[in-house]
Amino acid sequence: MSAVNDRYESAVARYLEAWNASDPETLTKAVAAAWTPDGSYTDPLVDVSGHEQLAAVIAGAQAQFPGFSFKLTGTVDGHHDIARFTWDLVNGADGSAPVAGFDVIKLDDDGRIRTVHGFLDRVPAGAV
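Residues numbered from 1 in each chain as written. Predicted model: local features only at pLDDT ≥ 70, side-chain atom pairs only at ≥ 80, totals over all residues. Heavy atoms only, no water.

Observations regarding the pairing of strand β5 (residues 99-107)
Argument step 1. Pairing analysis gives eight bridges linking strand β4 (residues 82-91) to β5, with the strands arranged antiparallel. Bridge assignment links F85 to a residue of β5, and that residue is D103.
Argument step 2. Here β5 pairs with strand β6 (residues 113-122) via eight bridges, running antiparallel. Within β6, the residue paired with D103 across the bridge is G118.
Argument step 3. Connecting β5 to the antiparallel partner β6 that follows it, the hairpin turn spans five residues, and G111 within it adopts a positive phi of roughly 85 degrees. (Pairing = 2+ DSSP bridges. Helix = DSSP H or I, 4+ residues; strand = E, 2+ residues; numbered from the N terminus.)

Here's the deal with the UniProt feature "domain: SnoaL-like" (unreviewed entry) in the protein chain
Argument step 1. Feature annotation in UniProt places "domain: SnoaL-like" (unreviewed entry) on residues 12-114, given in this structure's numbering.
Argument step 2. Across residues 12-114 one finds 32% helix and 43% strand; the C-alpha atoms that close the span lie 12 Å apart. (UniProt positions renumbered as here; feature names shortened; annotations may be inferred.)

What about the packing of aromatic side chains?
To describe a pair of aromatic rings, one takes the distance between the centres and the angle between the planes.
Argument step 1. Inspection of the entire model under this criterion finds eight aromatic pairs.
Argument step 2. A centroid spacing of 5.5 Å and a plane angle of 75 degrees characterise the contact between Y15 and F85, whose relative ring orientation is edge-to-face. Of this pair, Y15 sits in helix α1 (residues 3-19) while F85 sits in strand β4, placing them 70 residues apart in sequence.
Argument step 3. A network of ring pairs unites the aromatic residues Y15, W19, W35, Y41, F70, F85 and W87 as a single cluster. (Phe/Tyr/Trp six-rings, centres within 6.5 Å; stacked < 30°, edge-to-face > 60°.)

Quick notes on the sheet that holds β6
Argument step 1. Taken in spatial order, the six strands of this open sheet run β2-β1-β6-β5-β4-β3, and their pairing is mixed. At either margin of the open sheet sits one strand with a lone partner, and together these are β2 (47-49) and β3 (68-79). Neighbour to neighbour, the strand axes of the sheet diverge by 20 degrees on average, direction disregarded.
Argument step 2. Pairing geometry for strand β1 (residues 35-42) and β6, over four bridges, is parallel. Residue pairing across strands places T42 opposite H117, the latter belonging to β6. (Axes fitted to C-alpha atoms, helices over the stretch in contact; angles between N-to-C directions.)

Things to note about the nonpolar core
Argument step 1. Within the largest apolar cluster, 31 residues are counted, with the highest numbers of intra-cluster contacts made by Y15, W19, V31, W35 and I105.
Argument step 2. Contributions of two or more residues to this core are made by α1, α2 (24-34), β1, α3 (51-64), β3, β4, β5 and β6.
Argument step 3. Of the residues forming this core, the biggest block, seven residues, is contributed by α1.
Argument step 4. Aside from chain neighbours lying at most four places away, what touches V31 is A18, H51, L54, A55 and I58. (Core = buried A, V, L, I, M, F, W, Y, C linked by side-chain atoms within 4.5 Å. Buried < 20%, exposed > 50% of the residue type's maximum accessible area, 1.4 Å probe, protein only. Contact = heavy atoms within 4.5 Å.)

Focus: the packing of α2 against α3
Argument step 1. With their axes 10 Å apart at the nearest point, α2 and α3 run at an angle of 125 degrees to one another. Taken together, the axes of α2 and α3 lie oblique to each other. Note on packing geometry: the crossing formed by α2 with α3 is right-handed. Each of L27, V31 and A32 in α2 lies in contact with α3, whose residues at this interface are H51, L54, A55, I58 and A59.
Argument step 2. Split by residue class, the contact of α2 with α3 holds seven nonpolar, one polar and no charged. (Parallel < 35°, antiparallel > 145°, perpendicular 65-115°, else oblique. Left-handed = near helix turned anticlockwise from the far one by under 90°. Nonpolar A, V, L, I, M, F, W, Y, C, P; charged D, E, K, R; others polar.)

So, in structure tokens, the structure goes:
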């Protein structure tokens, strides 16, 4: 793996760690490790910025889908300071993945996320 690809893959790994953080303290630390202080997240349902709002959105998703975790599908693809990747939201009990999407991230010089633009490819009826 090249140093450039490692940069993108490391950023995505930290991003998924935040989405899969198991408690508020771990979530706070994971968000700080993944995003810049003014980092943002935008998808069809939300548009937030800053660590506090990011953590609140993640906690809300975890409350809506207890027992689920985000898993990378495919490979991370990037150039310059931008990367894209696909993911599934997987049920830990039965392995089903009712939600899927892809995200595009922009990184700062240190490899932390400045922006996320999320797209939902599969969402169960009534989930949004």
